[in-house]
Amino acid sequence: MILISCQDEEEEKVQEKFFSNPDYETSGLDFTNTLKETRDQNILDYLYFYNGGGVSIGDINNDGLPDIYFTGNQVKNKLFLNKGNLQFEDITEKAGVAGNSTWNTGTTMADVNGDGLLDIYVSAVVGVNGFRGHNELFINNGDLSFTESSAEYGLDMDTYSSQAAFFDLENDGDLDVYILNHAVHTNESFGPASIRNNRVYESGDKLLLNENGKFIDISEEAGIYGGANSYGLGITTADFNNDGYTDIYIGNDFHEDDYYYINNGDGAFSENLKQFFGHTSRFSMGNDAADVNNDGFMDLITLDMLPEDENVLKSSAGDDNVNLDRFRIEKLGYHPQYTRNMLQMNKGGNYFSETALMSGVAATDWSWGPLFADYDQDGKQDLFISNGIPKRPNDLDYVKYTSNEQIQNKLDKTTLVDNDVLDKMPSGAVTNYIFKGEGDGNFDNRSAEWIKNDSIISTGVAYGDLDGDGDLDIVTNNINQRASIYINDYAEGDHLKIRLKSDSNNTFGIGSKAILYTSEGKQARQLYTTKAYQSSSEPILHFGFKNSAQLDSLIVIWPNSKTQTLLKPEKNKTLVLKEKDAKDSADYSRLFKSNNTKGFKKLESDFGITYEHEENRYNDFDMQKLIPHQMSDLGPSVKVADINNDGKEDIIFGASRFKPVEIFIQQNGNFKKQDFPEIARDSLAEDQSIAIADFNADGKQDLFFASGGGESVGRNEWLLDRLYLGNNSSFKKDSLLPKIYNNSAVIRTADYDNDGDQDILVGSNSQNYDYGAIPKSYLLQNNNGKFKIVQEDLFDELGMINDLIFTDIDGDKDLDILAVGEWMSPVILENSSGKYSVNKNLIKNKKLNGLWQKVTAADIDHDGDMDYLLGNWGLNTKLNASEENPMRMYYKDFDNNGLTETLLATEKNGNYYFPYGLDEMASQLSQMLRKRFTKYKDFAGKKIDEIMTKEELDSARLLEVHTLASGYLENTGSGFSFREFSRELQSAPIRAMLSYDFNNDGKNEVLIGGNYFGVTPYHGRFDALGGSLMLNENKILDSDQIQLNLSQKSVKDFSIIQIDNKSYLIITINNSKIEIYEFDF
Amino acid sequence: MNSIFKIKSITVLVLALSIFSCNQKEEKIVVTADDFHSANDNVSKTMVHDIFSPPVASRVYAYSNIAAYEVMAQFDENYKSLAGQLNNLEEAPAPESDLIIPEAAAIVAFYDISTGLVFSEDRIGIKRDSLFNKWKNIDENAFKVSEAYGKRVATHIKDWMKQDNYAETRTMPKFSIHTDNESRWQPTPPSYMDGIEPHWMKIRPFVIDSANQFKPAPPPEFSMEEGSKFHNELMEVYNIREKIAANEENSEEMAIAKFWDCNPYVSILRGHLMFATKKITPGGHWMGIVKIACKKDNADFNKSVYAYSKTAIAIADGFISCWDEKYRSNLVRPETLINKYVDENWSSVLQTPPFPEYTSGHSVISGAAAIALTDIFGDGFAFEDDTEVDYGLPIRNFESFNAASREAANSRLYGGIHYRSAIEVGLVQGKGLGNFVVNKLEMAKKTQETKVASK
C-alpha cells in the first residue's frame, strides 16, 4: 500500500513539471537530427560530427504565431508552420527550405532584405570529408515559400561555417552579418597565439557589410581574426559597453582564446579579450548575453563541458597540468582558459567579473546552448542549458586502455568507421539543465523540478512564445531523438512582450534596447536573436515581473539612438512599437552610466617610485603536487615610513627571491631610490613583511624584514628574519637576533609590555615542502635593543598565520593580538600584564576555521567599538565549506617516503570526495594509487574512504575549514559574531584591506582588494575582484562606482603615502609594477 | 663450514620428504624455456597496458629476471650468483629442500617481483595463475616447496630493490620547464607532457658505479646560425623528413623509423576525440630479441634466464646513464625548433617522446643490449625480428645484434625525434657501458661456457 502511494506521488510530481513536453504526435513537430556514421562522416574524420543542429523560432508569415525551423546535419532541414494551439505543420517541401548542403549547422532567422518578412540563413560545413554545398539564404516570398538567394546576396560561403549573426554594425538601418567558422585543422601542435593573424579562407570568421543588398567582406579592415586556430562555436552580439554600437563575443573551442570585439563605431572593431576578461571557458561552445543582475549591462555566459557528476568528472579528461597551463599562457601567448562554464558579470562595461562557480552554473556537463530568459516571470533572468553528446570521446579509460586495442591496427586507414570502436565510448546523453535566476548573479538549479529529466542529447535551442500565452517556451534540436518542445505552464508572474517595427531595412529593430522601470526595480533587454548555439530565438523583447510589480515606464532605444518612452504600460500585453514614433535621442551616459566621476584616479606619474615586482619563476606544485595553493608567490611587501627622520615619508619594497629590497627616499615631492649594500646583499631572501622602528632607541630607524617564500627549506639561512640597525646614513645587519628558520609571513611591532621599546611579533604561515604542518610564530621581546623569544609554547602552536594585528580587543587599554590564518579560526590572544593567553570566549562562532588571508580593524558599523574585517578565500571557488560539512585536509606521509602529503576533500551530496583526478593524485602517491585503481572508472565516483583506507585517513592529521566567506567580526559589546560580506566581495580571496578616511567625513572606510593566481587549473585563477570601498557594513561601493579596476591583478597591499601634504594610494601587486592613485570623494 | 651444514640439512629434509611423497605422483612438473619466455612476454604485455615509461619498464625487466637468475644460480653450478656483483646485492637464501623444482621456483620469483611492480595485477595474473595451477595439479607438494623458495628469493630481491631510491624519486619535484633559454627542452605536441623521470639518474645502478660513469661528450653547442654544427644537424632532421614525404612515406627510412618506434604511449588527438596507440618500450623490444635468440640457439631454461638477466641489466644501467645525460644537457627536441624557425606545421614521423633529446635512449640501450647479447650468443648471430608483429609491424632481418642496434639508433634520426649526435654518441655511450657490464659480470662460469651453450 505504502509503496503504491509513493509511486503515485512520484508520478504526480513528474506531471507537475514547470514545463510540459507535448509529444510529436500531438504537436506535429516531427523532426529528428539523425546521425549515421559513414565512411566519410564520423567522429574520427570530422571532429565536430557530434555537434548537432540548430533551431530558429520566428513568425515567417506574420500571423502572430512563431514558426519553427530545424537544421539537420545529414538529414534535410525542416520548417514547421505554427497553426495555433501548439499544432505545427511541416511545410518544408512547399516552402523550399530543405537545403542542399551535405552538412548543415547553424540557422538564424532575420529579415535580410528588409521587406518585413523573416528570411532564413543556414550555415554549412563545406570542403572537408566530401561535404558539398554552401551557406544558404532562403528569402521569404511572403506566401509560405522561399527562394534560395545566397549567391545573389554574396552570402554563399563554402567554408566551415557554424553560425551567422545578423546585426546592424554601423547603425545605418540594414543588417550586416558575422559568419562564424570553425577550424577542422588537425595539426596537433598549439602553435603561438599569433597564428590567428594569418587569415585562412575556410576556417577564418568573416564580417560582411551590407551595401544595398550585397554583402561585402570587410573582415580584414574591420579587425576580425580569421586564423587556422579559430574553432568558432559560439557567437553573441550585444552592446556590452552601452555605447550604442553592437559588440561581438566569439567562443572558440580548444586552446584558441575567445574573442571580444568592441565596436569602434566607425565600421571596425577592437578585439580586446585580454583586457576585459580575466579568464574564459576553454572548450567554449555556445554563449548568450543578458542583464542577469539588472544593472543595465549585458552579462555573458559561455559554456564548456565540466561534468557535475563525480563518476563522469573523474573518468573524463580534465584540466591541464599546471606546467602546461603556464606554458600556454606565458610562452605561447594565450589567455587563461579553464574547463567550465563561465558567467561573466559585466562591470559597467569596464571589465567582466567571472562568477560561475559562486553563481552555481559552472558545471553542466557537455553543454551546447545557454538561453537566458525570465521563464518564471519573477523579474529575474533564468537560464536553460542544452547538453549531451552521443559518445564521450574524452573518457580516460577509452583514451588510455580501450582505444589502443580498438584502433591500433586501423589507424592508417583514415576512413575508419567501426561501430565496435564507437560502442566502447560511454554515452554522454544527460538531462538538460534549467536554473532559476536570483537576480544578483546567483542561480538555483531547478532541473529536477522544472523539466523532465531524460537522456536526450540537445544541441540547438531557442525560445519563443509558441502558444501565445505571453510566457516563453523552449525548443531544442536533438541528436537521434525527436526535437523537444518545453511548454511553459507555470510561469506565475506577469509579462510584457514587445515587437518592434522599423521602416528601415532593419525591420525588426535588431540591436534595440528596452528598459522597464517597475516598483520592483529596473530591467534591461537588448534585442538580438542569434543566441545560444547554432540557433535563433523569436525576435521579441520579453519582460517578466511579479504580479505585485507596478509598471512605471518603458523606454525603447532604437539602434539609431531614437527613443520612445511609454508611461505605465499595461501588463500582459504584446506591444508593437514603431521606430517612426520614437522621437527623442538617447542619452546613453544618463541611462546606463553612473554620473559619479569621484573616486580613484590612477596617475601616470610615479614620483620616481619605479618599483616593479617581479616574481621569480618557481612552481610549488612541482614539489608538492596536491597542496591547495602556492606559498612562493605571496609578495611583494611594502612599508611606508620616514626612514631618515626628515619628516617625509619614504617607502620600502620587499622583493621576491633573487631580487633586492628597494628603498625610495622622498625629497622635494619626488623619490629617489637609495642603495644600501648591506641590505641588498641578502637578495636571496624573499621579503614577506617589513617593520620599521627605532628598536635600539638610538634615535635612528631600524628595519626588520621577515624572510619567507615557499622555496627555502630546513636550516636555510634565507629563511632567517633580518634586522638592520640604522647607522648614520646606512644600515648594519644585527647578528644578535635569535636564529629562527621559519617561513615568515607577517611582522607587527608594538610595545606590548609597556616598557617603552618596540617588540616584534612574527607570524609564520607554513613549513616549506610540508604544507599542513604548524609552523612556529614567535614574539620577540625587546629589552634595550636585545631581543628574546618569549612565550614560545604559545606562539609555536599558533597556526598557519597569514596576518595578525596588535589591538585592544577587550578595551582594557593594553595590546591584545588578533591572528588569522589558514585551517584555523581567528585567534584572540589576550594581554594580561604583558603575558598572552588564548581567549576562546570572545568569538561567539565556535566553528570559524577559514583560509583567512587578512585582518583589519575598523569600526565598520560606526557604533563606537572596533570591529575586525576578515579576508577569506571567497566563495567563487570549486571548494566549499560549512559548519556542517567542513572542507577537510588530511596531512600525513601517506606513502612513507619521508615527505608529507596533503589531501583536500570537500562534501558533495552528503559524501566527501577528493578534488583530484587519478592521474593528479597518482603524481604524488604513485605506487599506492596506481595499484589500487587500474581503471579510471574504478576510481571515478569514489568517496575518500573508498580511495584511501580508513586507517590511512584516521591516522592522518585532519585540518578543517568551516567557511570560505570573507566577512567581519562584529563587536557586540560582549564579544564578537561573524557576519559574512555581501556577494560582490566573495568573488576572490581578499588579501588587501585598508581602513582610512578616504572621503574626509571623519569616519574610516575600508578599501578592499585581492585576487590570487597561485593555484592549479582545477581552481582556475582568482581574478574577479575589482576592488570595493566599504562605507559601512551595508553600503559597499563597487569598483566601477569608485573608478577602480583591480580585476586581473593579484593585489597584495594598499598603502597611503603623504607626498607634499597630499595623500596618495599606493597599490602593490604581485608580479607587476606598483600603481599610484590620487583620490577625491 | 656454512655450506657443509647446508648440504647436511638439505639431505635430512630430502630424506624425510621423499619418503613421504613416495608413490603419490607419476607425472612430473616440467618447466621449459618457453615458460620463461612466456613470463617475460606476459610482463611486457601488462606493461604496455599499464603504460610504463621506458626507464621504469627497464627496471621491471631487470629485477624480475635477476630474481629468477638468483634462484637458478643456486642450483646450477654453471652459473654464478650476482650477489656481490650487482651494487649492494647480497647472497640469496639457500634452498632448503631438494624437492624444489628450480625452474618453477625461478618463475615464481620472477612473477613475484614483476606482479608487485606492474599496476594491473589481474592482467598479469591470468597466465601466471593458469601456469601455477597446472603445476599444482601435477604435483602440489613439489609446487608448494618451489613456490615457497621462489618467494623467499623474491623477498630477498625486494629488500634489495627497496633501497634503489625508486620510491623516493616518485615524489621528487617535477622537471621545471620555466626558462627563456630556447636551447632547453620544452614539452612537445600533442600532449605537452611533463618531462618524464627527471630523477632517474638517482636510481641506484646495477653494475656501473654511478650514473655518470659513461658520461658522453656534450652535444654540439646550441646555435641557430646557419653552418653551425647544431644547425646543420637540425636541418638534417628536417631534410630527412622532407625526403621521406617525397617518397610518399614508403621509404626504407620510414619503415625503419616505425619498426623501432617503441613508444609506449603515442597519444592522438582529433578534436575532442583522444586515443592512444601503445607499444612495447625499447627495453621490451630487446627482451623480445632475447627470446628470438634463445629460440634460435635452442637455449635451455637456465641459459635463457641468464640471457634475459644480463641483457636486462645492461639495458637498465643504459637508461640510468642516458637519463643522467638527458637531464644534464636538457637539450631541446628538433620538433620544437623546426616548428619555431622552419615550418610551423612540421611534425616528425614519430611522435616526440616527453623528455630531453640528448642522448638518444634507444641508441644507448640498444648499444648496451647488443653488446650483452653478442657476449652470450656470439657475433654475427643473424636473426629474424618479429617482436613488433603484435603491434602491426612487419618482420625485419638482421645479420647481428650490433647491426640491429645501429638500425635502432638510426631510426631516431629518421623518425625526426633526434639529431645525429644523439644517436652516434648515444650508441658509443651504450656500447661502452655494455662492454663494462659484460666484462665486470661473471655469470656463466668461464669453464662451463661451451657446456652451457646449448642443449
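Residues numbered from 1 in each chain as written. Chains lettered and ligands numbered in written order. Predicted model: local features only at pLDDT ≥ 70, side-chain atom pairs only at ≥ 80, totals over all residues.

On to the overall build of chain B. On a plain count of helices and strands, chain B comes out with 16 helices and four strands. In terms of overall dimensions, chain B is globule-like: its C-alpha atoms have a radius of gyration of 23 Å, near the 23 Å expected for 455 residues. With the C-alpha coordinates of chain B rotated into their principal frame, the extents come out at 80 × 45 × 40 Å. Taken over 455 residues, chain B has a buried fraction of 55%. (Helix = DSSP H or I, 4+ residues; strand = E, 2+ residues; numbered from the N terminus. Rg over C-alpha atoms; globule rule 2.2 N^0.38 Å. Buried ≥ 20, exposed ≤ 12 C-beta atoms within 10 Å, placed from the backbone.)

Turning next to the overall build of chain A. Tallying secondary structure elements over chain A gives 20 helices and 73 strands in all. Relative to its length of 1081 residues, chain A is compact, with a C-alpha radius of gyration of 31 Å against a globular reference of 31 Å. Considered along the principal axes of its C-alpha atoms, chain A spans approximately 100 × 70 × 65 Å. For chain A, the proportion of contacts with a sequence separation of at least 24, taken over those separated by at least 6, is 61%. (Contact = placed C-beta atoms within 7 Å.)

Moving on, we come to the sheet that holds strand β59 (residues 854–858) of chain A. Residue and element names in this part refer to chain A. Read across the open sheet, the four strands follow the order β59-β60-β65-β66; overall the sheet is antiparallel. In this open sheet, the two edge strands, each paired with only one partner strand, are β59 and β66 (976–980). The sheet shows a mean angle of 25 degrees between the axes of neighbouring strands, direction not considered. Looking at chain direction, β59 and strand β60 (residues 867–871) are connected through five bridges and run antiparallel. (Pairing = 2+ DSSP bridges. Axes fitted to C-alpha atoms, helices over the stretch in contact; angles between N-to-C directions.)

Count 3.6 residues to each turn of an α-helix, and residues three or four apart come out pointing the same way. Residue and element names in this part refer to chain B. Across its 17 residues, helix α13 (residues 361–377) extends 24 Å between first and last C-alpha, which sits within 8% of the 24 Å expected from 1.5 Å per residue. Burial analysis of α13 places 17 of its 17 residues in the buried class, which makes it a mostly covered element. Just beyond α13, the residue with positive phi is Gly378, at close to 95 degrees. (Expected span 1.5 Å × (residues − 1).)

The next point concerns the UniProt feature "domain: ASPIC/UnbV" (unreviewed entry) in chain A. UniProt's entry tags residues 509–575 of chain A with the feature "domain: ASPIC/UnbV" (unreviewed entry), counted in the numbering of this structure. Counted over residues 509–575 of chain A, helix gives 0% and strand 55%. Its end C-alpha atoms are 14 Å apart. (UniProt positions renumbered as here; feature names shortened; annotations may be inferred.)

Sheet strands line up and pair through hydrogen bonds in the backbone, either parallel or antiparallel. All names here are of chain A. Overall, antiparallel pairing links the four strands, which are arranged β46-β47-β48-β49 in an open sheet. Pairing within the sheet leaves two strands with one partner each, and these edge strands are β46 (686–693) and β49 (730–733). When the angles between neighbouring strand axes are averaged without regard to direction, this sheet yields 25 degrees. Note that strand β47 (residues 702–708) and strand β48 (residues 722–727) share three bridges and pair antiparallel. Note on β48: the bridge partner recorded for Phe705 is Arg722.

Residue and element names in this part refer to chain B. When pLDDT is averaged across chain B, the result is 92; 92% of the residues are at 70 or more. In the model, residues 1–25 has pLDDT below 50 throughout and makes 13 contacts with residues more than four positions away in sequence or in other chains. The low-confidence segment residues 447–455 (pLDDT under 50) makes 11 contacts with residues lying over four places distant or belonging to another chain. Under the prediction, the complex receives an ipTM of 0.91, its pTM being 0.95. (pLDDT = per-residue confidence, 0-100.)

Residue and element names in this part refer to chain B. You can read the domains of chain B as domain 1 (27–167) and domain 2 (182–440). With centres defined by C-alpha atoms, the gap from domain 1 to domain 2 works out at 28 Å. Taken residue by residue, the interface counts 34 residues in domain 1 and 37 residues in domain 2. Of all the elements in the fold, those that place two or more residues in the side of domain 1 that touches domain 2 are α2 (33–50), α3 (54–75) and α4 (102–117). Of the residues forming the side of domain 1 that touches domain 2, the biggest block, 12 residues, is contributed by α3. (Domains from an automatic or database assignment.)

Residue and element names in this part refer to chain B. The end-to-end C-alpha separation of helix α14 (residues 401–414) is 20 Å, in line with the 20 Å expected for 14 residues at 1.5 Å each. With 11 of 14 residues buried, α14 is to be regarded as a mostly interior element. What α14 keeps buried is the set Phe401, Asn402, Ala404, Ser405, Ala408, Ala409, Asn410, Ser411, Arg412, Leu413 and Tyr414.

This paragraph deals with the interface of chain A and chain B. On the chain B side, the residues contacting the 39 residues of chain A number 33 residues. Contributing elements (two or more residues each) for the side of chain A that touches chain B: α7 (322–331), α9 (396–407), α13 (620–623) and α17 (926–932) of chain A. Sort the elements by how many residues they give to the side of chain A that touches chain B and α9 of chain A lands first, with six residues. Class assignment of the residues belonging to the side of chain A that touches chain B gives a composition of 15 nonpolar, 17 polar and seven charged. (Nonpolar A, V, L, I, M, F, W, Y, C, P; charged D, E, K, R; others polar.)

Residue and element names in this part refer to chain A. The element strand β22 (residues 342–347) is extensively covered by neighbouring structure, given that six of its six residues are classed as buried. Covered by surrounding structure in β22 are Met342, Gln344 and Asn346 together with Leu343, Met345 and Lys347, the residues of both alternating faces. As defined by bridge partners, strand β20 (residues 299–302) adjoins β22 across three bridges and the pair is classed as antiparallel. Following the sheet pairing, Leu300 is matched in β22 by Gln344.

Consecutive side chains along a regular strand alternate between the two faces of the sheet. Residues and elements named next belong to chain A. For strand β10 (residues 161–167), a buried count of seven out of seven residues is recorded, marking the element as mostly surrounded by other parts of the structure. With six bridges connecting them, β10 and strand β11 (residues 176–181) associate as antiparallel partners. By the bridge assignment for β11, Gln163 is matched with Leu180.

Residues and elements named next belong to chain A. Structurally, Phe806 is set in strand β54 (residues 800–807). A count of 20 C-beta atoms within 10 Å places Phe806 in the buried class. When the C-alpha atoms of Phe806 and Lys602 are compared, they prove to be 32 Å apart, with 204 residues separating the residues in sequence. Dropping the residues within four chain positions of it, Phe806 is found in contact with Arg748, Ala750, Tyr752, Leu815 and Ile817.

Residue and element names in this part refer to chain B. Orientation of α2 relative to helix α5 (residues 121–138), taken along the N-to-C sense of each, is 160 degrees, at an axis distance of 8 Å. Taken together, the axis directions place α2 and α5 in an arrangement best described as roughly antiparallel. Along this stretch, α2 crosses α5, giving a crossing that reads as right-handed. Listed contacts from α5 to Asp35, Ser38, Asn42, Val43, Thr46 and His49 of α2 are Arg123, Ile124, Lys127, Arg128 and Leu131. (Parallel < 35°, antiparallel > 145°, perpendicular 65-115°, else oblique. Left-handed = near helix turned anticlockwise from the far one by under 90°.)

Once that is clear, we can look at unusual backbone geometry. With an omega dihedral of 0 degrees, the bond running from Gly635 of chain A to Pro636 of chain A counts as a cis peptide bond. Of note, Pro636 of chain A is situated in the loop between α13 and β42 (637–641). Cis peptide bonds are those with omega within 30 degrees of zero, and the linkage from Pro189 of chain B to Pro190 of chain B qualifies with -5 degrees. Take Pro190 of chain B: it is sitting in the loop between α7 (166–170) and α8 (229–246). A positive phi angle is found at Asn171 of chain A, which is not glycine, with a value near 55 degrees. Mapped onto the fold, Asn171 of chain A is located in the loop between β10 and β11.

Glancing now at the environment of Glu308 of chain A. Residue and element names in this part refer to chain A. One can find Glu308 in the loop between β20 and α6 (310–315). For the pair formed by Glu308 and Gly1020, sequence separation is 712 residues and the distance between their alpha carbons is 17 Å. If we skip the residues at most four places from it in the chain, Glu308 touches Ala363, Thr364 and Asp365.

Our next topic: the confidence of the model for chain A. On average, residues of chain A score 94 in pLDDT, and 97% of them reach the 70 mark or higher. Every residue in residues 1–14 of chain A scores below 50 in pLDDT, and together they form zero contacts with partners more than four places removed in sequence or on other chains.

On to the packing of α3 of chain B against helix α10 (residues 282–296) of chain B. Residues and elements named next belong to chain B. Two elements in contact, α3 and α10, have axes separated by 8 Å at closest approach and are oriented at 40 degrees. Taken together, α3 and α10 sit at an angle that is classed as oblique. For the pair α3 and α10, the contacting residues are Pro54, Ala57, Ser58 and Tyr61 in the first and Pro282, Gly283, Gly284 and Met287 in the second.

All right, on to the environment of Pro264 of chain B then. All names here are of chain B. Here Pro264 is to be found in the loop between α9 (252–259) and β1 (266–270). Distance from Pro264 to Ile423, taken between C-alpha atoms, is 20 Å for residues 159 residues apart in sequence. In this structure, Pro264 is in contact with Val48, Ile51, Phe52, Ser53, Pro54, Lys278, Lys279 and Thr281, ignoring residues within four places of it in sequence.

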